[in-house]
Structures are given as C-alpha cells and as structure tokens.
Amino acid sequence: MKNIRVRFAPSPTGALHVGGARTALFNFLFAKKYGGRFILRVEDTDLDRNQEHFLTEQLTALKWLGLDWDEGMDKAGEYGPYRQSQRLDVYNQYAQKLLDSGKAYYCFLTDDELAHMKETSQKEGKPFRVKSPYRNWSQEEAKKKQNVKPVIRFKMPETAKNYVVDDVVRGRVEFPSDMIGDFVLIRSNGLPVYNFCCAVDDALMKISHIFRAEEHLPNTLRQLIIFEALGWASPVYGHLSLILSTDKKKLSKREGALSCLEYKEQGHLPSALNNFLALLGWNPKDNQEVFSFSELISKFSEKNLNPAGAVFDENKLKWINAQHIRSMDYKEFWKMLQPLLDRDKINLPFLNNESLKEKSFHSLKSSFSTLKEAVEVFRFLSYDYFKIDDSVKEIFEWSHTKNLIQLWKEELEKVKTEYISLEDFKNIQNSIKTKLNIKGALLFKPLRAVMIGQVEGLELKAIIELIPRETLIQRSNQLLSQMC
C-alpha cells in the first residue's frame, strides 16, 4: 500500500479511555505496518465541554503508550493547523461552496418548531426527517431575514439512493440516503457540526484509511454525502468491534472503565496494555498471546480485524502484564520501579549492589503482576518497614516460637557478613530444625514472621539475601519484645 495516512482525533472532553486507546493503537499499527503517517487531529469545537487539561492528559497517555504521531499540533505538517478550533475559516469556505452550488441553505427553524415537527411525525407513525420550508430560499432572501441566526443545512436530494461502503472490518455496508433528512453543517453560533468538519478535514488532510469505533457507523452516511457533494473520494473505513464488559454489555466509563493513566497508576506497563488492547478485536491467527510492540507492528493485519464484540477481561490484562514484567531486563525494571519506591519513601538496602539488584528481580518477579504489586512486595524489604501482621498472633501461641526466634537471632549474630548467604540460611534453618525437632509450617511460619512480619507470603530463600543481617536481628528483637 502507498500513501497511507491515518488519523486519531480525540476531543478534549474527557480522559483517554481504553476504547480510544485501542482506536489509536490500530491506526498506529496500520500506519507503521505499511510505512504510512499517523496524524493526531484535535476535535475541539464542542466549546461547552472542552477542557484543556483533558487534552494534556490524553497526549500524556498516548506518549506513555508509545503512540507518538508524525503530524499534529506540536509537529509541523503541510495540512495543519491540527486543531479544529483553528480551522473555522476552512469550514466556512466549504460551507459557502455548498451554499453557492445550491447543495446547502440557510435554515431559520427554531428548536420549538423542530420539536413540533418531530412530535407530529411520531403521532403519524412516520420517521422524523427534517424538510425545512427554507430549503428553496435563495441566499439573498435569507440574508434579508435578520431577526434569527440561521443554521446552514445540507439539502438532501429528492431522489433517494444507496451509499455503499466496503468496510475493512464489516464488509459491504449499505446506507439508504432516505434514512436522514436535511442535516446541519454549521450551527447558528457559527461552529461546524462534527460530521461536516470531520469530512472536510479527512479530505484536506488526505486521510486514506479511517479505523474508528462501531458507534461512529451512523455518522458514515452524512460524511459520504458531504464527500460526494464536494467532489472528493471518501477514505477507506473500518469500524471496530465493541469492547464489552464481562457481563457482555458495552464497556462504559460510567460503569467504572478506567482511563489509560489510571492503568498506569495501577502499575501496568504500556507494552502490556497495548498487547492486551490489540487482542480486543484483532486475531493474530495463531496461538501467540504475548507480543512486544515491534511484534504487534510486524504481525498486525487489517484483514484479521473482527467485528464481533470483544470482552475486556481485567484478569487477562493482569496476566499479560505479568508476562511483560517477567520478560524485562532487570535494569529496565528498576528504572520503572524506582520512581514509585521514591514516591512511597521505600528505602531498599541492596540497591547499591548491582548483583543484588539483579538477583532481587529474578527472585521475586513471579510474586507480582503489576508495578504497584511490586512496590508492596519490596516494601517488606525496606530498611524502616516492619509491620507485624495480625496473623502473627497465631504463632505466638506456639510453645516453641520464642525459642525458635532466640535461636535464629543467636545464629545471625555468628555470621560476619553484611548479608546472609543462601548457604548460611540453609545451615541455620537445619540447625533450628534439629534442635527443636520441628519442620514444615512450624518452622517456616515463625521464620517468615521474623523476616517480613507475616506468616504467609514471600518465599524465604528468595528474600533472605536481600535483607541486611543487622536488620534481621532488629526484627527478631522487635518480635521477641511483642511476646513478652
């Protein structure tokens, strides 16, 4: 394919949620697969709902996901400006062209009149189609009517016809033109409606393909009509599958769907979220489920997009995230985790030792699925964190617990190195086991309690080399003092 140009066009009326992120991702993958251009266009003509901080958050989320654009409001291109609020003169120019050709007209119908027309249609059992009494007025006649600000409406032809789209995802889709009546292009306040500015921009920016959510399918007819009226070829469309919640209803922001930056706060990796979103409506045609970003680009094919609804399974996302964490280089992992540790003031004694940093990652990476969970795992190893869980009270009742902790402390005091080696730990463990004639949970629960303040959880041999000997002694004393 040549001259591929796709766009993602967010509006600054909310955060970037997973549906929008998936749309951006599929457009991005398609562009990169075929050496095309990914354009970011901001649709900000809804002045009542626009908030600039939403746009900032959306751009931050896109960059976090790695979905950087080739052209946009901060990247010069020959088809700018890339904010619709800065293109009003462009929309007025093409609205005037439609007026001059007799394909549009000034309409003075009020909201009350439109409501009455709609009510009459409903009473008669007919679909509501706007046919304005002003549709055959000349521009000169309209300009004489100064007491009401008009809208500009498109004049639907009297003869109905079918518009056909060969949708990349859904196949052949037909739209009878008599589905709609005369529709608004420019509002009475001078601002263009979505379908008009969208069609004009897609044509002038030479957008070749448009992948967008299924909910935009009803917009297609109006946009096709505008393309035809202005003598433009329409882009190739692909309307993506719905994203469903686990109860098979449409995933909704109102029902708790998180924004992309909230998934970041939960500790998900951008590579994992992209991987998961790609599988919502795209089938790689093999059994592979875990993909790097470069693999997504190389394996992506628009031919494998599926129109069936895709279930957003949080457990599946978490599993994919765990796989991405486990495949990370330890240096990359610590680079991502360190800011989170700093935020929570978690001081880990072994971080100055490169060998222990690497060992800690490989020893503990199977214990967490997200970076947020990793923070909680490593919190147990902090210099100044030792919280005795209520579950530890269970072992306080055991007759051998106090002796076990005392023996543990005495053995630690014999060791001369800063950290306990795995071999030393095994020797100490065996010594206690023999002296007290205990094994299994009777041995491991008190040892875990004295190391991390809990009787269940982290594997002892995975953490013993990461906690300084002096810290282990201090924790032993703290536990013993609780038993007195």
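Parameters at a glance
- Residues numbered from 1 in each chain as written.
- Predicted model: local features only at pLDDT ≥ 70, side-chain atom pairs only at ≥ 80, totals over all residues.
- Heavy atoms only, no water.
- Helix = DSSP H or I, 4+ residues; strand = E, 2+ residues; numbered from the N terminus.
- Buried < 20%, exposed > 50% of the residue type's maximum accessible area, 1.4 Å probe, protein only.
- Polar contact = N/O pair within 3.5 Å; in protein donor to acceptor, adjacent residues only side chain to side chain.
- Contact = heavy atoms within 4.5 Å.
- Salt bridge = Lys/Arg side-chain N within 4 Å of Asp/Glu carboxyl O.
- Pairing = 2+ DSSP bridges.
- Right-handed = clockwise from strand over helix to strand, strands pointing away.

Student: Please provide a residue-by-residue account of the environment of Thr417, values included.
Tutor: Within the secondary structure, Thr417 is located in the loop between helix 16 (401-414) and helix 17 (422-436). Accessibility expressed as a relative area gives 42% for Thr417, which makes it partly exposed. As a C-alpha pair, Thr417 and Pro468 span 51 residues in sequence and 8.9 Å in three-dimensional space.

Student: Can you lay out the side chain of Asp201 for me, pointing to particular residues and giving the numbers?
Tutor: Mapped onto the elements, Asp201 comes out in helix 6 (residues 194-204). A polar side-chain atom of Asp201 sits 2.9 Å from a polar atom in the side chain of Gln84. At 2.8 Å, the side chain of Asp201 forms a polar contact with the side chain of Arg87. Once residues lying within four places of it in the same chain are set aside, the contact partners of Asp201 are Arg41, Gln84, Arg87 and Tyr91.

Student: Explain the side chain of Arg469 residue by residue, including any values.
Tutor: For Arg469, the location among the structural elements is in helix 20 (residues 469-483). A polar side-chain atom of Arg469 sits 3.2 Å from the main-chain carbonyl oxygen of Val415.

Student: Quick rundown of the pattern of salt bridges? Include the residues and the values.
Tutor: Going through the model one piece at a time under the given rule, you end up with 36 salt bridges. Residues Arg469 and Glu470 are paired through a salt bridge, measuring 3.1 Å at the closest nitrogen-oxygen approach. Overall, the relative accessible area of 13% leaves Arg469 in the buried class. Each of Arg7, Arg41, Glu43, Arg87, Asp201 and Asp202 takes part in salt bridges that share partners, so that together they form one network.

Student: Summarise the pairing of strand 1 (residues 5-8); cite the residues concerned and give the values.
Tutor: Side-chain direction in a regular strand flips from residue to residue, so the side chains alternate between the two faces of the sheet. Alternating positions in strand 1 separate into two faces, Arg5 and Arg7 on one and Val6 and Phe8 on the other, with burial throughout. Sheet topology note: the strand 1/strand 2 (residues 37-40) ladder contains four bridges and is parallel. Residue pairing across strands places Val6 opposite Phe38, the latter belonging to strand 2. In this fold, the crossover linking strand 1 to strand 2 by way of helix 1 (residues 18-33) has right-handed handedness.

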